[in-house]
Amino acid sequence: MSLALPDGSEQLLAIEGRSLWQDAWRRLLRNKAAIVAMILLAIIAAMAVLAPWLSPHPYDEIYWERIQAPPDFANQHWFGTDGNGRDLFVRTLYGARVSLMVGILATGVSLLIGVLYGATAGFLGGRIDSLMMRFVDFMYSMPFMFFVILLMVVFGRNIFLIFVALGAVEWLTMARIVRGQTLSVKRRDFIEAAHAAGVRKRKIITRHIIPNVLGPVIVYMTLTIPQVILTESFLSFLGLGVQEPLTSWGVLIAEGAQQMESAPWMLIFPASFLAVTLFCFNFLGDGLRDALDPKDR
Amino acid sequence: MSEQLLRVEDLSVHFALPTGFLGGHRPLKAVDGVSFTLAAGETLGIVGESGCGKSTLGRAILRLIEPTAGRVVWQGQPLGALAADALRGLRRDLQIVFQDPLAALDPRMTIGEIIAEPLVTHEPALGRAAIRARVEAIMAETGLLPQLINRYPHEFSGGQCQRVGIARAMILQPKLIVCDEPVSALDVSIQAQIVNLLMRLQASHGLAMLFISHDLAVVRHVSHRILVLYLGRLMELAECHDLLAAPRHPYTQALISAVPIPDPARERRKRRIVLTGELPSPLDPPSGCVFRTRCPHARPICAEQIPRIEPVRFGHSIACHRWQELPATPPAALA
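The rules we used
Residues numbered from 1 in each chain as written. Chains lettered and ligands numbered in written order. Predicted model: local features only at pLDDT ≥ 70, side-chain atom pairs only at ≥ 80, totals over all residues. Heavy atoms only, no water. Patch = residues over 30% accessible without salt bridge, like charges linked within 9 Å, V, L, I, M, F, W, Y side chains within 5 Å. Areas by Shrake-Rupley, 256 points an atom, 1.4 Å probe, with all protein chains shown as cover. Salt bridge = Lys/Arg side-chain N within 4 Å of Asp/Glu carboxyl O. Helix = DSSP H or I, 4+ residues; strand = E, 2+ residues; numbered from the N terminus. Buried < 20%, exposed > 50% of the residue type's maximum accessible area, 1.4 Å probe, protein only. Pairing = 2+ DSSP bridges. Axes fitted to C-alpha atoms, helices over the stretch in contact; angles between N-to-C directions. Contact = heavy atoms within 4.5 Å.

Draft legend 1. Spotlight on a nonpolar patch on the surface. All names here are of chain A. A contiguous nonpolar patch, built from Phe146, Ile149, Leu150, Val153, Val154 and Phe155 and spanning about 640 Å² of accessible area, is present on the exposed surface. By secondary structure assignment, the location of Val153 is in helix α6 (residues 144-155). Accessibility expressed as a relative area gives 65% for Val153, which makes it exposed.

Quick look at the structure:
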């Protein structure tokens, strides 16, 4: 017994629906601050990637005749040089490479672990949930600096250790956020419908739970990236970060701060890059939160 | 009726509610000792006030909630004894339609993906084209235009969402559908469409249906038999016509008299049995017969003993100490 359809309807193309993601994207595109932030971030990222081609100077070349020189266009030192006579413009961009990479990779690691861990704990619930979350609490109580210094002592200074250390700390908050969201999503009828259809638990988590908790996760992610960049800068400032001649914004700012009075350009340029990047991520996060917030709908 | 599909024996669902800090808990008896059978092609209506355990009963039968006691026997096979994998396999015959049509659909998936989910789960070898053909066929059968396959749930009305829910439940050609208040969230005009759709599907596929509702007028329209539930206990179970024409249980009588008659003159004349008091808390149910605190015919015995379920005659059972003394009320309403 089938419903009579209008003639030829079988030939009609299926109408494309607008998913919630598409709706959110449209709302985001209407947010001017978020658009500007995205454009600026894209420019900074492109500059970081194209750094070797944007300046005639290599990042580790020392110009003995131009140590701590102010910005000058004749020699194409747009940002001046640092205390060792290296071009600051190209070093700032190389610093952007490290800082952005640390930010994105460490956030990626925390995202992967945090989402899976939090969704599993929240979905399974009961004793397993308590056990898993007590472990998170335990990790939270570990002093972070102590953890980093310990890693450095055991494995030596290595940029990948920074990713590991930062990721290992950042996923804790992510796991808590995802668990909370999962607890509210798993009570909804469509999860029960999936159970009734005989869908396996693992599939329910990956197919239903995770896509539905992703909104707040994405917002938190854009706020984690600047936090990680800041932490990396802090570690580098303390001398626990990247190793010479490689640099990061934190290292550059630390060096600049020491020469603040004699060579202010050494502080101003890296610091403004860092500040602009952090602003942009925060504005983008704000825009995403407004775009994804279901209460707006 | 034909072949017996489902037998529910003495089914109970108790939730342990924690009290205080010391890990103590007291049981909430959501469903207590309910038994019935269901045949292929038959609809059993389950009625009762909100909070009486109707939905819990439906979910316990599908083992979406673990029953505390009793058995659910499906085609001669006790569901409680099955391993998780075997149960998952059986789920293709047991489906459910939910009360809130929009909440039952994953907002991040298209209608096509939602309807296909049981199919993809149980027949993983099926190709994309075959899945699409099956989805479009069931969409047409449930009154959805197949062009809407790529739409998302929030773009639909409540009635359409409920059709999607029904299509999802129907795509594997199940033998039993539990309809948990499938129309109570919908407009009256849409209710009629959905109820008629369900009845049409039942007739063409020989489905067995458990139709859970608080609306006796709807239940009466779809059901062959009706089970009246109060505080998780079975009060009366009878053929639809018998129950409405000659209700024997005081609770059923009150329930039927509360249904409005679409005729003002008769509505004014009818004698309505008004129950006094509130529905007791299921955490602290009355001793003996759970209905006795609101029953106009209660006697001391009702507080002392739990009434047994007794047959009035074949196919009509009742849980009341005094049913033989009380008059069978004439059909005041609904006639």
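Draft legend 2. Structural view of the sheet that holds strand β9 (residues 225-230) of chain B. Residue and element names in this part refer to chain B. On the basis of which strands lie adjacent, the open sheet formed by 8 strands has the order β6-β7-β8-β3-β9-β10-β12-β11 and mixed pairing. Taken across any chain shown, the strands that pair with only one partner, and hence form the sheet edges, are β6 (94-97) and β11 (309-313). On average, each strand axis in the sheet is tilted by 20 degrees relative to the strand beside it, whichever way the strands run. Across 4 bridges, the pairing between β11 and strand β12 (residues 316-319) is antiparallel.

Draft legend 3. Inspection of the sheet that holds strand β2 (residues 24-39) of chain B at higher detail. Residue and element names in this part refer to chain B. Ordered in space as β2-β1-β4-β5, the 4 strands form an open sheet in which the pairing is antiparallel. Where the open sheet ends on each side, the last strands, each with one partner, are β2 and β5 (77-78). Inspection of the sheet shows strand β1 (residues 4-19) paired to β2 by 12 bridges, in the antiparallel sense. Across the sheet, Gln4 pairs through a bridge with Ala39, a residue of β2. Across the face of the sheet, helix α1 (residues 54-61) comes into contact with β1, β2 and β4 (69-74) while running at roughly 115 degrees to β1.

Draft legend 4. Region of the structure containing the side chain of Thr247 of chain A. The residue Thr247 of chain A is located in the loop between α9 (201-237) and α10 (249-258) in this model. Contacts of Thr247 of chain A, omitting those with residues within four sequence positions, involve Arg91, Tyr94, Gly95, Val98, Val242 and Leu252 of chain A.

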